[in-house]
Amino acid sequence: MAIDLDAAPFTANDARLVDDECAALDATHLAARAPHRLSGGEKRAVAIAGVLAMAPSILVLDEPSSGLDGVGRRRLIDLLCGLPQTRVIATHDLDLARAVCRRVLVLHDGQLQADGDPRALFADHDLLRRCHLEAPPASAPATATGGGTGNDGDDAQAPSEFAQVLIASRHNISPKRLIEPGPDAAQLATLFEAAAAAPDHGEITPWRFVIVPAARRALLAEAFAQALADRDPAATPEQIETAREKAHRAPLLILAVARLGTADPDIPAAERLVSLGCAIQNMLLAAHAMGFGCGLTGGQALGSPQLRELFALADGETAVCCVNVGTAVTHKPGRVRPDAAAFVSSL
Ligand SMILES: Cc1cc2nc3c(=O)[nH]c(=O)nc-3n(C[C@H](O)[C@H](O)[C@H](O)COP(=O)(O)O)c2cc1C
């Protein structure tokens, strides 16, 4: 995959690039195999590794999922979602387009028929019929990148199935991968309505949320930087800059604060914390259903005096984590979730 017939000889650096890309695509075991012994999916992985070894800034793919079985196709989608390059894909596989692309151009009869967000376009059944396309199956409510409209309900899906897909398809997305747009005012209100639906023993709302708008992020950045400098006097200027930079990442950043003091009424701290966890999860699922990516961030800075002062935390209040929401630029494959057998037993 790295032999250029009329160019300079194959160097050690070329070999390293090839090895790196093979490893990244889980294709190292294929390197020594003869091409005619590779399956379609394996040939596809090796071909992509060969292109990535040339460090392109743009990848152009023509019907990348054709001829792949279900597992190979899903692996390809996960792979394409995780690549940082601009990807231009010609495809009839609308499910793949919805999962990978933020913008879709529909061509038919040599003419541009539509240009926009994949979920909006793929919900337009007239457009799809006119262009001889089939609506992709109802899958994850928010597989595609982009803060958007979410599942529009066009696809008949039982509520229980929808809830199952919504819960299973949510995964943590690092704030580094969250860009504009974030939720608008109405969507934000919906997120907090979702939080308010959390179980709450004693109905005491033992938590609160603080939005950190763009104009106040610099204050948070200074608190993060100062907290690190105080905690670790050996921290380098680069590390302090990274701490600062963390405050500027997601379009929507909300601090989740637990009120753990047990007085009046005497609800134990553990129950209060569970209530906050439920409120956060409700928000994550609501944001995910709208098509946004979300991630939680914690860390020692949240317990620092600088942060307590900035957010005016009272005695008994604890900053638990930040809830970050935005449009996901890329999705990494979700983790393998633990099997119920690992955490369930019978008395
Ligand atoms: C309170 C809390 C704080 C977290 N803080 C971080 C964090 O600082 N950095 C991070 O990468 N993930 C953080 N996470 C996210 C977890 O790493 C993530 O949920 C976990 O890896 C499971 O992945 P999943 O949410 O995609 O299932 C946090 C999660 C929780 C519940």
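Residues numbered from 1 in each chain as written. Predicted model: local features only at pLDDT ≥ 70, side-chain atom pairs only at ≥ 80, totals over all residues.

## Describing the nonpolar core
To keep things clear, this is the line we draw: Note on definitions: a nonpolar core is a set of buried residues drawn from Ala, Val, Leu, Ile, Met, Phe, Trp, Tyr and Cys, linked by C-beta atoms within 7 Å. Exposure criterion: with C-beta atoms placed from backbone coordinates, a residue whose C-beta has 20 or more other C-beta atoms within 10 Å is buried, one with 12 or fewer is exposed, and one in between is partly exposed. Numbering of helices and strands starts at the N terminus; helices are DSSP runs of H or I of at least 4 residues and strands are runs of E of at least 2. Once C-beta atoms have been placed from the backbone, residue pairs whose C-beta atoms lie within 7 Å are recorded as contacts.
If you look at the biggest cluster of nonpolar residues, it comprises 42 residues, and the most contacted ones within it are F224, A256, V257, M283, A287, V323 and V325. Listed by contribution, the elements that provide at least two residues to this core are α8 (185-196), α9 (217-231), β7 (252-259), α11 (269-289) and β9 (317-328). Per-element accounting of this core gives the leading share, eight residues, to α11. Residues in contact with V323, not counting those within four places in the same chain, are I254, A256, I280, M283, C294 and L296. I77, L79, C81 and L94 belong to the second-largest nonpolar core, a separate cluster that totals 15 residues.

## With respect to the pairing of strand β1 (residues 58-62)
Rule in force here: The pairing criterion is simple: DSSP has to find at least two bridges between the two strands. For a crossover, the right-handed case is the one in which the path from the first strand over the helix to the second runs clockwise, viewed with the strands pointing away from the viewer.
The element β1 is barely covered by neighbouring structure, given that only zero of its five residues are classed as buried. Here five bridges tie β1 to strand β2 (residues 86-90), and the two strands are oriented parallel to one another. Counted as the bridge partner of L61 is I89 from β2. Note on the crossover from β1 through helix α3 (residues 70-82) to β2: the handedness is right-handed.

## Points about the site of the ligand
Formally: For each residue, a C-beta atom is placed from the backbone, and the residue is labelled near a molecule or strand when this atom is within 6 Å of it. Residues are grouped as follows: nonpolar covers Ala, Val, Leu, Ile, Met, Phe, Trp, Tyr, Cys and Pro; charged covers Asp, Glu, Lys and Arg; every other residue, Gly included, is treated as polar.
Close to the ligand lie H171, N172, S174, L296, T297, G298, G299, V320, C321, G334 and R335, which account for all nearby residues. Each residue belonging to the shell around the ligand can be placed in one class, and the counts come to three nonpolar, seven polar and one charged.

## Describing the confidence of the model for the protein chain
Predicted coordinates in regions of low pLDDT should not be interpreted in detail. Put simply, the rule reads: Values of pLDDT, ranging from 0 to 100, describe the predictor's confidence in every residue of the model.
Summarising the model, the protein chain shows a mean pLDDT of 85, and 85% of its residues fall at 70 or more. The model gives residues 142-155 a pLDDT under 50, and that stretch makes 44 contacts with residues more than four places away or in other chains.

## Remarks on unusual backbone geometry
E180 connects to P181 through a cis peptide bond whose omega is 0 degrees. The residue E63 is not glycine, and still its phi comes out positive at about 45 degrees. Inspection of the secondary structure assignment puts E63 in the loop between β1 and α3. A residue is classified by how many C-beta atoms lie within 10 Å of it, and E63, with 12 of them, is exposed. Although it is not a glycine, H132 adopts a positive phi angle of roughly 60 degrees. Its place among the elements puts H132 in the loop between α6 (125-130) and α7 (159-169). Judged by the 9 C-beta atoms lying within 10 Å of it, H132 falls in the exposed class.

## Observations regarding the environment of L128
Counting through the fold element by element, L128 comes out in helix α6. The spacing of L128 and V106 is 22 residues in sequence and 8.9 Å in space, taken between C-alpha atoms. Each residue touching L128, except ones within four places of it in the same chain, is listed here: F122, L133, E134 and A135.

## Focus: the packing of α9 against helix α10 (residues 237-245)
Our working definition: Lines fitted to C-alpha atoms define the axes, with helix axes restricted to the stretch in contact, and inter-axis angles between N-to-C directions lie between 0 and 180 degrees. Helix crossings fall into two classes, left-handed where the near helix is turned counterclockwise from the far one by less than a right angle and right-handed where it is turned clockwise.
The interhelical angle for the contact between α9 and α10, taken along N-to-C directions, is 145 degrees, at an axis separation of 7 Å. As for the relative orientation of α9 and α10, their crossing is right-handed in sense. Residue-level inspection shows A221, F224, A225, L228 and A229 of α9 in contact with α10, the latter providing Q239, I240, A243 and R244. In the contact of α9 with α10, the residues fall into seven nonpolar, one polar and one charged.

## Description of the environment of G334
One can find G334 in the segment after β9. G334 sits in the partly exposed class, given 13 other C-beta atoms within 10 Å. Taking C-alpha positions, G334 is 9.5 Å from I173, a pair spaced 161 residues apart along the chain.

## What to know about helix α2 (residues 40-52)
Defined as follows: To estimate how far a helix should reach, multiply one less than its number of residues by 1.5 Å.
In this model α2 runs 18 Å from its N-terminal to its C-terminal C-alpha over 13 residues, within 8% of the 18 Å that 1.5 Å per residue would give. Inspection of α2 places R44, A45, V46, I48, A49 and L52 among the buried residues, and these make up the whole buried set.

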